Each structure stands twice: as C-alpha cells, then as structure tokens.
Amino acid sequence: QVQLVESGGGLVQAGGSLRLSCVVSGGAFSMGWFRQAPGKERESVAAISWGGSSTYYTDSVKGRFTISRDNAKNTVYLQMNSLKPEDMAVYYCAANKRGLWRWSDPKEYDYWGQGIQVTVSS
C-alpha cells in the first residue's frame, strides 16, 4: 500500500530554519506540501514533479522555502528558511499518481501523510 510519513517538524524561533522530510512508499509520484493553521483553511505550499525538474511555490514562501527530492531514498524535502510566525501550521505531504496538474489544488492528490506540526515562536 501507499504510505507517506512526514518527519522533521518542531519548534523554531522566527528567522530560523527547519527541514521537513516525507518518505514515500508504494509508487512513483509527483509530490506536494500543504499546510493548515488553526482556524484557517488548508493551503498549498510547494510541489515538485517526479523527476524533480519542475517546482512550484505559493507566493508567500518564494525565496524562503525550497522543495526537493531524492528518489534513491524515496524522500521529498521541504527546506524552510527565514521562518515567520505566520508559517506556523500542520504541514502535510501529498502524492499525485498521474503527474502535476493544478498543483495547488488538493483534489489533484491521491494520498496524504498524517501531518506534522511546525511551530514558530516570536
């Protein structure tokens, strides 16, 4: 079966950095990261094609976050730098079976991780 397991979350001071990892088993996928803060709707963060040649970012994280992948390790990463309090949320890893189309739409994704908390203190 397909499984996605996130790790690397935690507590960071504003301006600090954190790297999230998502280990994917059961297939080859395009991948996305989403996040949801308390009282807010889920929003897209970033996405990457299966081969890693195409990446996408929501405007609020451009220049600060980097999505990457190491297919030999079946792992997708989200490097988060210059973290702000507004980045605080539960972050979710998601997998798309057919390739990215409307990358920011959660309905395009077939499998989801359980989510991992990122807390940013001021």
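In this report, the structure presented in the accompanying data block is examined. (Residues numbered from 1 in each chain as written. Predicted model: local features only at pLDDT ≥ 70, side-chain atom pairs only at ≥ 80, totals over all residues. Heavy atoms only, no water.)

Some thoughts on the sheet that holds strand β7 (residues 65–70)
Across the sheet, which stays open at both edges, the four strands sit in the order β1-β3-β8-β7 with antiparallel pairing between neighbours. Single-partner strands in this sheet number two, and they are β1 (3–7) and β7. Taking the axes of each pair of neighbouring strands and ignoring which way they run, one obtains an average angle of 15° across the sheet. Summarising the sheet, β1 and strand β3 (residues 18–25) pair through five bridges and their orientation is antiparallel. In the strand pairing of β3, E6 is matched with C22. (Pairing = 2+ DSSP bridges. Helix = DSSP H or I, 4+ residues; strand = E, 2+ residues; numbered from the N terminus. Axes fitted to C-alpha atoms, helices over the stretch in contact; angles between N-to-C directions.)

Focus: the side chain of E6
Relative to the helices and strands, E6 resides in strand β1. Despite being buried, E6 has no salt bridge partner; R42 is the closest side chain of opposite charge, sitting 9.8 Å away. Within the local environment of E6, its side chain forms a polar contact with the backbone nitrogen of Q114, the two atoms lying 3.2 Å apart. Among the polar contacts made by the side chain of E6, one reaches the main-chain amide nitrogen of G115 at a distance of 3.2 Å. In this structure E6 touches S21, C22, W33, Y91, Y92, C93, G113, Q114, G115 and I116, once residues within four positions along its chain are discounted. (Buried < 20%, exposed > 50% of the residue type's maximum accessible area, 1.4 Å probe, protein only. Lys, Arg positive; Asp, Glu negative; His and termini not counted. Salt bridge = Lys/Arg side-chain N within 4 Å of Asp/Glu carboxyl O. Polar contact = N/O pair within 3.5 Å; in protein donor to acceptor, adjacent residues only side chain to side chain. Contact = heavy atoms within 4.5 Å.)

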